[in-house]
Amino acid sequence: MPGTPLADIQVMEYLRAFHLGRAGWSRINALLLISGAFGVFRRDALVAVGGLDASSIGEDFELVMRLHRTFRRQRRSYRVTFLTEPICWTEVPSTLPVLRRQRSRWHRGLWETLWAYRGMLFNPRYGRLGLVAVPYYWLFELIAPLLELAGLVLIALGFALGLVSWQYFLLFMLVAYAYAIIVTLAAVTVEELSYHKYPRWRDLGVTLVATVLENVGYRQLTAWWRMEGWFAALTRREQKWGTMTRSGFTEVNE
């Protein structure tokens, strides 16, 4: 494990997204996103769709969407597959300002790509992509931070105004975040049983702590930052990549 709370929590995010999310979408051949840091593409497929879009701020997501749309329209047989076996390294943001820029940029790229490919939404021409995967991304990826923050505000206001009992308030919070913790623990379990990459008990303990800490402040902050990215896109603010400070990898000898 990286050894800092901010990085440890992001490891949990990646494990959850990869082992549960993308592995599942890949299984039904409806994977919409291959992260740029972990993606390998066939050259002929890239050339066939015109390569990366330099104007897109979510170029990895946009590329996969374009591959799907192009090959579906051409009725070509193809697959976009997620593999869990390869070992890849990426450096996650180590400070809150850098993390904020990253999450804002990600969500802006998500919105701009989904809007650009809105013709796929609920379109039976694209099969389970148009009827299941794309609607899921609209509701549970794009709109999710708005729903989560609105839910927290409403439940807190209801509690403050006496419209919601403290028993209901506590139960709501317990169910919401206990479910999130259970889902993340399921991803960690899959990782440990499949590959056992963290042989030290200390690392496994860190994963458990990070799973809980993710839901106390971190999750709410990232939801707000994602909303900032969405708002920036809707108001047509200038699109900037932002400075991503890197500290490099350090090999630890024990």
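For the structure, check the block above.
Now for a look at the structure at hand.

About the criteria used
- Residues numbered from 1 in each chain as written.
- Predicted model: local features only at pLDDT ≥ 70, side-chain atom pairs only at ≥ 80, totals over all residues.
- Heavy atoms only, no water.
- Patch = residues over 30% accessible without salt bridge, like charges linked within 9 Å, V, L, I, M, F, W, Y side chains within 5 Å.
- Areas by Shrake-Rupley, 256 points an atom, 1.4 Å probe, with all protein chains shown as cover.
- Salt bridge = Lys/Arg side-chain N within 4 Å of Asp/Glu carboxyl O.
- Helix = DSSP H or I, 4+ residues; strand = E, 2+ residues; numbered from the N terminus.
- Expected span 1.5 Å × (residues − 1).
- Contact = heavy atoms within 4.5 Å.
- Buried < 20%, exposed > 50% of the residue type's maximum accessible area, 1.4 Å probe, protein only.
- Phe/Tyr/Trp six-rings, centres within 6.5 Å; stacked < 30°, edge-to-face > 60°.
- Lys NZ or Arg CZ within 6 Å of the ring centre and 35° of its normal.
- Core = buried A, V, L, I, M, F, W, Y, C linked by side-chain atoms within 4.5 Å.
- Bend = angle between axes of the 7 residues up to and from the residue.

### Things to note about a nonpolar patch on the surface
- A contiguous nonpolar surface patch, about 560 Å² in accessible area, is contributed by Val153, Leu154, Leu157, Leu161 and Leu163.
- Along the chain, Leu154 turns up in helix H6 (residues 144-160).

### Details of H6
- Helix length check: H6 (17 residues) gives 24 Å between terminal C-alpha atoms against 24 Å at 1.5 Å per residue, within 8%.
- At its buried positions, H6 is contacted by helix H4 (96-116), helix H5 (127-142), helix H7 (166-195) and helix H8 (201-234).
- Immediately downstream of H6, the backbone of Gly162 shows phi near 80°, a positive value.

### Focus on unusual backbone geometry
- Positive phi is not limited to glycine here, since Asn29 has a value of about 55°.
- Positive phi, normally seen in glycine, also occurs at Phe122, with a value near 55°.
- Its location among the elements puts Phe122 in the loop between H4 and H5.

### What to know about the pattern of salt bridges
- Summed over all chains, the structure comprises 8 salt bridges.
- Linking Glu214 and Arg16 is a salt bridge whose minimum nitrogen-to-oxygen distance equals 2.7 Å. Of this pair, Glu214 sits in helix H8 while Arg16 sits in helix H1 (residues 5-27), placing them 198 residues apart in sequence.
- According to the relative accessible area criterion, Arg16 is partly exposed, its value standing at 23%.
- A salt bridge links Arg100 to Glu228; the nearest nitrogen and oxygen atoms lie 2.8 Å apart.

### Brief notes about the packing of aromatic side chains
- For the structure on display, the rule yields 14 aromatic pairs.
- The interplanar angle of 20° and the centroid separation of 4.7 Å between the aromatic rings of Phe159 and Phe169 together place this pair among those described as stacked. Here the residue Phe159 occupies a position in helix H6, and Phe169 occupies one in helix H7, the gap between them amounting to 10 residues.
- An aromatic cluster is present here, built from Trp25, Phe61, Tyr136, Tyr137 and Phe140 joined pairwise through their rings.
- Its end group placed over the ring of Trp115, Arg118 keeps NZ or CZ at 4.1 Å from the ring centre.
- The ring of Tyr195 has Lys197 sitting right over it, with the charged end atom 5.0 Å from the ring centre.

### Describing the nonpolar core
- The biggest cluster of nonpolar side chains holds 38 residues, and the ones touching the most others in it are Leu32, Phe61, Met65, Leu114, Leu129, Tyr137 and Leu142.
- Put simply, the parts of the chain that give this core at least two residues each are H1, helix H2 (43-49), helix H3 (59-73), H4, H5 and H8.
- Residues within four places of Phe61 in sequence aside, it is in contact with Leu32, Leu33, Gly109, Leu110, Thr113, Leu114 and Tyr137.
- Counting residues in each nonpolar core, the second largest holds 14 residues, with Ile9, Val188, Tyr198 and Trp225 among its members.

### Focus: H8
- The end-to-end C-alpha distance of H8 is 46 Å, a good match for the 50 Å that 34 residues give at a rise of 1.5 Å each.
- Of all the bends in H8, the largest measures some 55° and sits at Asn215.
- In the segment just after H8, Arg236 is the residue with positive phi, at about 60°.

### Some remarks on the side chain of Arg108
- Examined against the element boundaries, Arg108 turns out to sit in helix H4.
- For Arg108, a relative accessible area of 9% translates into the label buried.
- Contacts of Arg108, omitting those with residues within four sequence positions, involve Ile57, Gly229, Ala232, Ala233, Arg237, Glu238 and Gln239.

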